[in-house]
Each structure stands twice: as C-alpha cells, then as structure tokens.
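Coordinates in review
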Amino acid sequence: MGVLRDKKAFFVFLMPGLLFYLLSVFYPITESLRLSFIKWNGITPQQFVGLDNYKRLFQDPVFYKALINNLIYLVIVVIIQLSIGLLFAVLLTYLKKRANLVKTLYYVPCIVTTVAIAQLFRSIYSTQPEGLLNQMLSAVGLGGLTTSWLTNLNTVLGAVSIPEGWRFIGMYMVIFYAALVSLDESVYEAAKIDGATELQILFKIKIPMIKDILLLTFTMCLTGALRGFDIPYLLTNGGPGNASELMSTYMYKQAFTNNQYGYGSALAVFIIIESVLIIFILRKIFENYDVKAQKKAAKQALALSKRKNNKEGRVA
Amino acid sequence: MIRKVGVLVSLLGVLFMVTACGGEKEDASTTTVKWLTSRPVGGAIDETMREIADQYSKEKGGKWKIDFETTADRPSYLQKLKTLVAGNNMPDIIDTDPDLYAKELVKAGKLVDMKKFLQKNDYYQNFYPTALKYQEFSDGSMYTLPLEYHVEMIWYNKKLFSQHGISVPKTFDQWLAACKKLKEAGVTPISVDGIDRWPVQRYLAMPAFRQTGNQFIENLSQGKEKMSSQTGVDSVKFVKEIGQYFNEGFSATDYATAQSMFLDGKSAMYYIGDWEIGAMQEKYDAGEIDYFYMPTTKDSVTAANEFCVNSGIGMAFNAETFDEKTKDFLLYVLDHYADIYTKKMQMSPIKTELPKDVDYSSLYLRIRKDMDNTGEQFMKPWDTYLDSSTNTIVQDNLLLVGSGDMKIQDFVKMIDDSIKVNVTDQ
C-alpha cells in the first residue's frame with residue numbers, strides 16, 4: 001500500500017486521465033469561448049468582432065424558440081426518466097422472483113444505438129404507412145386523435161422528447177433499484193410495526209433516504225437532457241420549421257451547416273452557462289431541502305423531549 | 001531505487017506503445033492521393049473511379065495510390081469537408097456543388113480552375129455543354145468536374161391516372177387539377193421525401209424557372225431581387241397549393257419511403273431524376289409507370305424541353321497539391337471515364353458512343369434521347385445559389401408552407417430578412 005501514500009505516484013496515475021480530460025473537454029471549451037468572439041467561416045482569416053455574436057444571439061428569434069423548446073424537452077425527459085424509472089424500481093423491489101430478468105429487459109433500450117431508436121420511433125409515429133401509435137389509437141376508438149406526430153406543430157416537440165426519455169428509463173430504474181435494496185430494512189420494518197402504510201414508508205422513509213442518489217440522478221438526467229441532440233436531429237433535424245429546434249441542434253446548424261463557427265460557438269458557450277446554472281439551482285434546492293428537513297427534525301425532537309419532560313414532571 | 005526502476009520501465013512501456021501505434025512506414029516513392037468523396041460505395045461512379053484508379057495504379061507499377069474516404073450521407077460529408085478545410089487539412093480531391101461555399105474556396109485560392117484545365121488539354125468540347133454549364137458559377141467560371149449527368153422528371157402511375165380519367169398534364173394548372181382529382185378520389189397524389197428537404201425545394205424553383213429561367217434565383221441570391229416580388233410570391237404560392245397534395249406527414253417521410261410509396265402504387269406521382277432508373281425499370285417494363293417532365297405555364301419563357309438537368313456534385317482539386325502526378329491521373333480519368341461509366345447503364349457527362357456489347361433497356365435509351373433534345377436553359381437547384389444560412393431557412397420553413405402551417409407572407413419576409421443580413425449587409 002506504500003505506493004498509494006506517495007504523492008508522486010498519485011500524480012503519475014492521475015496524469016493520463018487528467019491529460020485526456022484537458023485535451024478532450026477543457027481545451028474545446030476554451031476554444032469555443034475564444035471562437036465566440038470571432039467571425040469565421042472556416043476559410044477566410046478569423047476576424048475579432050468582440051461581443052457581436054452575443055448581441056446577435058439575444059436578437060435572434062430562433063434562439064429564444066430553441067431555448068424554450070429545450071426547457072420543455074428537459075421537463076418531459078426528466079419527468080419520464082425519473083418518475084417512471086423510480087416507479088419501476090419500487091415495483092421491482094416487490095418482485096420476489098426474476099427481478100434480474102426484468103432489470104435486464106428494461107435496460108435493453110439503453111444499449112440500442114440512437115440511429116436504431118430514431119428509426120423505430122419514426123415508424124411508430126408514421127402516418128403513411130400507418131404506424132403503431134396511430135393504429136393503436138384507431139383500434140381503441142380514438143381515431144380522431146391520429147395525426148402525423150412528427151410534422152404536426154403541436155405534437156412534434158413531445159414526439160422527439162419521448163424517445164429520449166424512454167430509452168434511459170431502464171438505466172435510472174437500475175440505479176434506483178440498487179439504492180432501494182441497499183437500505184437498512186430494520187428502519188422501515190420498525191415503521192411498519194408502528195402502523196405506517198406502504199405509501200407512507202415509500203414517501204416518508206425510502207425516498208428521503210435515497211436523497212443523495214436522487215440528486216445524482218437528477219444531475220445526470222438534466223445534463224443529459226440539456227445536451228439532447230441525437231434523436232431530435234435524426235427524427236426531424238429541428239423541423240418542421242424550427243418547431244423542434246433545440247439549443248444543440250441550432251448550434252450544430254449554425255456552426256456546421258451555415259459555416260458560422262463564431263456564432264455557433266457563442267451558442268455553445270450559452271449552453272455551457274445554461275447547464276452550469278441549472279445544476280447550480282438544483283443543488284441549491286436540494287441543500288435547502290436538507291436544511292429544512294434538519295430544522296424540521298430538530299423541531300420535532302425538541303417538541304418530543306418537551307412533551308416527555310412535561311409528562312415526567314406531571315408524573316413527578 | 002526499485003520504485004524508480006519501476007516508473008522508468010512503465011514510462012518505456014508507454015513510449016513503446018506510442019511508437020508501435022504509429023503504423024507502418026509508407027514507401028517514400030509511392031504517391032498517395034486522398035479523395036474525400038460523397039459518392040455511395042458500390043454506386044456506379046464509385047465503382048468506375050475505383051476501376052480507373054486500379055488500372056492507373058497498375059500502369060504506374062503500384063507507385064501511385066488513391067485513398068477513397070467515403071461519406072455518402074451528404075450533410076455528414078459536408079460537415080467533414082468543412083471541418084477539414086477549417087483545420088487547414090483540405091484533401092487533394094473533394095466533392096462539392098458549385099455553391100457559395102465552393103466560391104469561398106475559390107476566393108481563397110484553394111481550388112483548381114477546371115475550365116482552364118479542360119480547355120488547355122482539349123477536353124472541354126468532349127462534354128455535354130449543359131453538364132459543364134451546371135458546374136459553372138454565375139460569372140461563367142468553373143472549378144468542379146462533372147462525373148454524372150441527369151434529368152429530373154415526374155414519374156406517374158399509369159393505372160391510377162387512367163382509372164381517374166387523367167391525362168398527362170402539360171401545364172401547371174392541369175397538374176394541380178390532376179392532383180385535386182386524385183385527392184378527391186382518396187388517392188395520395190404525390191409522395192415526397194421531406195426529410196432531405198431538397199425535393200420540396202425543387203417545387204419552389206419550378207414557377208420561378210418558368211417565369212424567368214434562372215434569372216430570379218440568381219438575382220435573389222445576390223440581394224438584387226426580393227422573395228416578396230411577384231415571381232417570388234407566385235413560387236411560394238405554388239408550393240402551398242401543391243403541398244396539399246403531398247402525402248400526409250411528408251416532412252417526416254424519408255427518401256426510401258417516398259419512393260416505395262410510389263412503386264407500391266400508394267401514390268400517383270413521384271419526382272426524381274434518372275439516377276433511380278434501376279428502381280423504376282421493372283414497373284416501367286411492366287407498363288405500370290411512365291414519366292413526364294416539368295409542365296409549363298402560359299407565360300413561360302422556358303420551353304417544355306427545359307427543366308431540371310444536372311450534372312450532380314462535382315469533383316474539385318486542391319490547388320496546393322495539384323502537381324504533375326495528379327494532373328496525369330486526371331487526364332487518365334478523362335480518357336477512360338465515359339466508356340466504363342456508360343457500360344454501367346449510366347448517362348455520362350462526357351459524350352461517347354454506346355458500346356455494342358451492352359444491352360441497354362428501352363427506358364435508358366429513351367431518357368438518353370430526351371437528354372440529347374433538352375433545350376439551352378435548365379433549372380438549376382436553388383441550394384446551389386443561396387448562401388447556406390438562407391438556404392437552411394428556406395428548406396426548414398418551406399416544409400411548413402407545404403403543410404399549410406405557415407403563411408406565404410411570413411415565409412417571404414423571413415427569406416428577405418435573411419438575405420439582407422447574410423448577403424446585402426455583408
């Protein structure tokens with residue numbers, strides 16, 4: 001174990017990972033930052049334009065559209081992934097047999113390539129030939145609801161969000177399941193003896209106890225959704241019009257289709273700031289919740305001890 | 001001490017691995033030319049060029065090699081190309097349309113003047129004039145070499161047409177009337193690939209071409225004309241009108257689906273060029289389908305034998321690496337291309353006699369004859385004229401116009417604003 005106490009050894013072991021991170025993540029970010037102050041089409045010399053790209057950003061109606069779309073996308077994806085993931089994980093804890101088989105089956109969409117998933121959902125949403133979704137709607141007498149999901153302006157954003165939400169349900173289910181089964185059973189068995197219902201145990205004991213995991217999954221899920229790109233890009237490429245445009249697809253279009261590397265970089269910088277900001281807010285919310293919970297617990301303990309004291313006083 | 005030796009050994013190990021990954025050494029006397037191409041692997045052009053390259057390499061005793069780097073998906077290809085150029089790593093040979101991006105490359109002195117090269121080496125007159133003209137910029141200069149030659153037509157289902165008493169439309173009005181009749185009878189009039197955008201953009205170009213030739217789009221792209229002009233509005237209006245006859249959800253329909261809809265008899269018409277001759281052959285031979293060319297209007301300045309003719313994405317050479325060896329290879333290609341390519345049942349941009357030993361289908365011969373009889377003018381796709389930002393806006397929003405989700409005046413304003421920002425103000 002001597003080698004782990006040696007600081008130089010730490011350095012040597014960390015070096016490859018650190019170097020890789022610096023080159024593949026940190027350097028591109030700084031380069032994006034630099035390019036965001038520059039006007040460049042990839043051919044002519046780069047021209048410094050100060051804050052012009054950012055000024056343009058805040059005057060660009062498509063940017064606002066993409067931003068709002070991205071937030072809606074975020075909400076849909078997070079709700080699907082975390083709520084359904086958690087629900088499945090809870091249900092799975094009650095499954096006595098074949099839990100592993102179910103886990104594996106539900107995990108499959110995570111390992112299917114994005115292109116295949118996009119193709120799958122394109123067929124599900126399709127109108128001609130009639131896809132699965134429309135067929136099912138017609139079969140249950142909801143034929144009036146059938147539509148071209150990917151071209152209808154009211155449904156397209158939801159339609160591109162759902163595949164992204166769906167594919168990672170299994171992953172979050174596995175994480176939640178692992179957290180739930182690792183809880184100390186004696187805690188909620190005690191609650192059961194005290195007469196708590198299953199729902200009370202779930203919401204008052206189990207979920208608060210896996211709070212750290214919740215924060216982790218929330219962070220993973222949010223950052224995942226914020227950089228959502230592949231499925232919307234493959235399904236609609238932000239269209240029709242800009243109805244399903246996300247920040248990332250818009251950035252990609254500006255930089256790589258329109259050769260406006262500067263403006264595209266300004267959008268990229270905005271995405272980074274947006275992500276950091278949202279994660280920061282999320283952490284604050286959780287911290288607040290922590291503080292509140294601690295205060296509440298302290299209050300309850302205080303009240304309990306007071307009552308105890310009173311009782312004891314009366315007895316005395 | 002032992003620890004130091006350990007660190008040293010591991011460092012040496014890493015060093016060894018790094019050098020081992022370096023790969024084998026190239027023989028210094030072998031010339032390798034890199035072609036970043038977007039031609040589908042196994043397609044006629046790809047096969048022809050590979051055959052020619054192999055033959056040439058053999059003649060040079062293996063001292064010459066070409067490295068094909070293929071990305072058939074056009075958007076991915078363009079992204080790769082642009083990234084390589086931006087990183088100052090432009091390959092020796094690239095594929096590009098004569099669009100504004102290519103123009104920027106020319107301005108930066110990165111492309112070989114193909115017109116000059118062909119004229120100097122007496123190959124210019126060997127080509128079909130339209131095939132060359134398609135590759136020209138509006139100032140008449142030409143930097144890309146055509147490797148294909150196509151006409152685009154509207155294929156139709158003969159049975160569906162006769163069932164509903166429709167004859168082949170000669171004018172736009174007749175065309176729209178035919179669509180209306182089919183739709184009322186519950187038939188999808190036209191199947192369209194909206195995912196790729198360009199097929200919808202062709203419909204936008206049609207009325208403008210009939211009214212002005214390519215003049216309108218040329219002026220529009222330079223900021224000398226407005227989309228809100230009569231011609232512009234007429235063109236958008238046409239997309240709105242004909243858009244109601246496209247298959248439902250056409251914006252999310254891909255190339256293969258649109259085509260199979262037509263071939264399966266689920267739509268009555270389908271717009272595509274002769275490069276799909278192979279797919280059409282069987283049904284054509286069975287007498288189930290036929291084609292007609294873009295209809296005309298009363299006040300057309302272009303004739304019925306003038307429509308979309310193109311010579312595809314061109315091949316361009318990097319001016320910095322265009323040395324004697326590459327020149328020699330290009331001349332070799334020019335000498336052999338037409339023969340090999342035509343044997344594969346393709347229309348060559350270089351004039352050639354049809355070989356006697358190949359049995360050409362009647363469809364092929366008919367289209368070839370059509371090509372010989374096309375007029376002087378031809379409709380050039382709008383995406384080769386417009387700056388990329390405006391083009392993206394046109395393509396994205398035209399889908400909305402076609403599906404009836406965007407007003408004509410909103411679309412027109414959006415395009416005029418974009419041209420003002422991206423062209424006039426630059």
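Residues numbered from 1 in each chain as written. Chains lettered and ligands numbered in written order. Predicted model: local features only at pLDDT ≥ 70, side-chain atom pairs only at ≥ 80, totals over all residues.

Turning next to the overall build of chain A. Secondary structure summary: chain A contains 15 helices and two strands in total. In terms of C-alpha radius of gyration, chain A reaches 25 Å, well past the compact-globule figure of 20 Å for 316 residues. For chain A, the C-alpha atoms occupy an extent of roughly 90 × 65 × 45 Å along the three principal directions. Looking at the 316 residues of chain A, the share that counts as buried comes to 30%. Contacts in chain A between residues far apart in sequence, at least 24 positions, make up 69% of those at least 6 positions apart. (Helix = DSSP H or I, 4+ residues; strand = E, 2+ residues; numbered from the N terminus. Rg over C-alpha atoms; globule rule 2.2 N^0.38 Å. Buried ≥ 20, exposed ≤ 12 C-beta atoms within 10 Å, placed from the backbone. Contact = placed C-beta atoms within 7 Å.)

This next bit is on the overall build of chain B. Within chain B, the secondary structure is distributed over 17 helices and nine strands. Seen through its principal axes, chain B has C-alpha atoms that stretch 90 × 55 × 45 Å. Here chain B holds 426 residues, and 45% of them are scored as buried.

Next up on the list: the domain arrangement of chain B. Residues and elements named next belong to chain B. Here chain B is partitioned into domain 1 (31–149 + 311–353) and domain 2 (151–309 + 380–424). Centre-to-centre separation of domain 1 and domain 2, based on C-alpha positions: 29 Å. Those elements that provide at least two residues to the side of domain 1 that touches domain 2 are α4 (100–107) and α6 (129–134). Its residues placed into classes, the side of domain 1 that touches domain 2 shows five nonpolar, two polar and two charged. (Domains from an automatic or database assignment. Nonpolar A, V, L, I, M, F, W, Y, C, P; charged D, E, K, R; others polar.)

Residues and elements named next belong to chain B. Put simply, helix α9 (residues 198–212) and helix α11 (residues 230–243) touch, their axes get as near as 8 Å, and they point 140° apart. Classified by the angle their axes make, α9 and α11 are oblique. Regarding α9 and α11, the two cross each other, and that crossing is right-handed. Across the interface between the two elements, Tyr-203, Leu-204, Met-206, Pro-207, Ala-208, Gln-211 and Thr-212 from α9 touch Thr-231, Asp-234, Ser-235, Val-236, Phe-238, Val-239 and Ile-242 from α11. Residues that form the contact of α9 with α11 fall into these classes: nine nonpolar, four polar and one charged. (Axes fitted to C-alpha atoms, helices over the stretch in contact; angles between N-to-C directions. Parallel < 35°, antiparallel > 145°, perpendicular 65-115°, else oblique. Left-handed = near helix turned anticlockwise from the far one by under 90°.)

Here the focus is the sheet that holds strand β1 (residues 31–37) of chain B. Residues and elements named next belong to chain B. Strands sit in the order β2-β1-β3-β9 across an open sheet of four strands; the sheet is mixed. At either margin of the open sheet sits one strand with a lone partner, and together these are β2 (64–70) and β9 (314–317). For this sheet the average axis-to-axis angle between neighbouring strands, irrespective of direction, equals 25°. Where β1 lies against strand β3 (residues 93–96), two bridges are found, and the strand directions are parallel. (Pairing = 2+ DSSP bridges.)

Turning to the UniProt feature "transmembrane region" (unreviewed entry) in chain A, a few remarks are in order. Residues and elements named next belong to chain A. The UniProt feature table records "transmembrane region" (unreviewed entry) at residues 9–29, 71–92, 104–125, 165–183 and 261–282. The distance from the first to the last C-alpha atom of residues 104–125 is 26 Å, and the span holds 91% helix and 0% strand. The span residues 261–282 is 100% helical and 0% strand by assignment, and the distance between its end C-alpha atoms comes to 31 Å. (UniProt positions renumbered as here; feature names shortened; annotations may be inferred.)

A few words on the interface of chain A and chain B. How large an interface is tends to be reported as the accessible area lost when its parts come together. Facing 25 residues of chain A, the contacting portion of chain B comprises 26 residues. Broken down by element, the side of chain A that touches chain B gets its largest block of residues, three residues, from helix α14 (residues 247–257) of chain A. Its residues assigned to classes, the side of chain A that touches chain B shows seven nonpolar, 16 polar and two charged.

Moving on, we come to the UniProt feature "domain: ABC transmembrane type-1" (unreviewed entry) in chain A. Per the UniProt record, "domain: ABC transmembrane type-1" (unreviewed entry) is found at residues 67–282 of chain A. Here residues 67–282 of chain A is 75% helix and 0% strand, with 18 Å between the C-alpha atoms at its ends.

What follows is about helix α14 (residues 324–343) of chain B. Side chains of residues three or four places apart in an α-helix project in the same direction, reflecting 3.6 residues per turn. All names here are of chain B. When the terminal C-alpha atoms of α14 are compared, their 29 Å separation across 20 residues agrees well with the 28 Å that a helix rising 1.5 Å per residue should span. At His-336, α14 shows its maximal kink, close to 45°. Buried within α14 we find Phe-329, Leu-330, Tyr-337, Tyr-341 and Thr-342. Buried residues along α14 sit in contact with β1 and α2 (44–59). (Expected span 1.5 Å × (residues − 1). Bend = angle between axes of the 7 residues up to and from the residue.)

Moving on to the nonpolar core. With 110 residues, the main nonpolar core has Leu-111, Tyr-143, Trp-155, Ala-205, Val-239 and Tyr-270 of chain B as its most contacted residues. Sort the elements by how many residues they give to this core and α9 of chain B lands first, with seven residues. For this core, the domains that each give at least three residues are domain 1 (31–149 + 311–353) and domain 2 (151–309 + 380–424) of chain B. In terms of nonpolar packing, the next biggest core, distinct from the first, is built from 51 residues, Val-156, Leu-246, Met-247 and Ala-266 of chain A among them. (Core = buried A, V, L, I, M, F, W, Y, C linked by C-beta atoms within 7 Å.)

On to unusual backbone geometry. The residue Asn-237 of chain A is not glycine, and still its phi comes out positive at about 55°. As for its position among the elements, Asn-237 of chain A is in the loop between α13 (230–235) and α14.

Moving on: the pairing of β1 of chain B. All names here are of chain B. In terms of strand pairing, β1 meets β2 through seven bridges, oriented parallel. For Trp-35, the partnering residue across the bridge sits in β2 and is Phe-68. You can see the chain leave β1, run along α2 and come back into β2, and the turn it takes is right-handed. (Right-handed = clockwise from strand over helix to strand, strands pointing away.)

Attention now moves to the confidence of the model for chain B. Residue and element names in this part refer to chain B. Here chain B averages 90 in pLDDT, and 93% of its residues register 70 or above. In the model of chain B, helix α1 (residues 2–20) stands out as the element of lowest mean pLDDT, 54, in contrast to strand β7 (residues 289–292), which has the highest, 97. Contacts from residues 18–25, a stretch scored under 50 in pLDDT, to residues over four places away or in other chains number zero contacts. (pLDDT = per-residue confidence, 0-100.)

This part is about the environment of Tyr-134 of chain B. Residue and element names in this part refer to chain B. Mapped onto the secondary structure, Tyr-134 falls in helix α6. We classify Tyr-134 as buried; it has 26 C-beta atoms within 10 Å. Taking the C-alpha atoms as reference points, Tyr-134 and Lys-107, separated by 27 residues in sequence, lie 19 Å from one another. Apart from residues no more than four positions distant in its own chain, Tyr-134 is found in contact with Pro-146, Val-309, Asn-310, Ser-311, Phe-378 and Lys-380.

Here the focus is the packing of α2 of chain B against α14 of chain B. Residues and elements named next belong to chain B. The interhelical angle for the contact between α2 and α14, taken along N-to-C directions, is 130°, at an axis separation of 10 Å. As summarised for this structure, α2 and α14 are arranged oblique, according to the angle between their axes. For the pair α2 and α14, the sense of crossing is right-handed. Here Ala-44, Thr-48, Glu-51, Ile-52 and Tyr-56 of α2 lie close against α14, whose contacting residues are Phe-329, Tyr-332, Val-333, His-336, Tyr-337, Ile-340 and Tyr-341.

The next thing to look at is helix α17 (residues 408–424) of chain B. Residue and element names in this part refer to chain B. An ideal rise of 1.5 Å per residue puts 24 Å on 17 residues; α17 measures up with 22 Å between its terminal C-alpha atoms. Those residues of α17 lying buried are Phe-411, Val-412, Ile-415, Asp-416, Ser-418, Ile-419 and Asn-422. One side of α17 carries all its buried residues, which in axial view fall inside an arc of 165°. Residues of α17 that are exposed and point more than 90 degrees away from the buried face comprise Gln-409 and Thr-424. Where the residues of α17 are buried, they touch α10 (215–221), α11 and α16 (388–402). (Arc of directions from axis to C-beta.)

Residues and elements named next belong to chain B. Most of strand β4 (residues 150–157) is tucked away: seven of the eight residues are buried. The pairing of β4 with strand β8 (residues 309–310) spans two bridges and is classified as antiparallel. Bridge pairing in β8 links His-150 to Asn-310. Strand direction decides the pairing type here: β4 and strand β6 (residues 267–273), joined by five bridges, are antiparallel. Note on β6: the bridge partner recorded for Trp-155 is Tyr-270.

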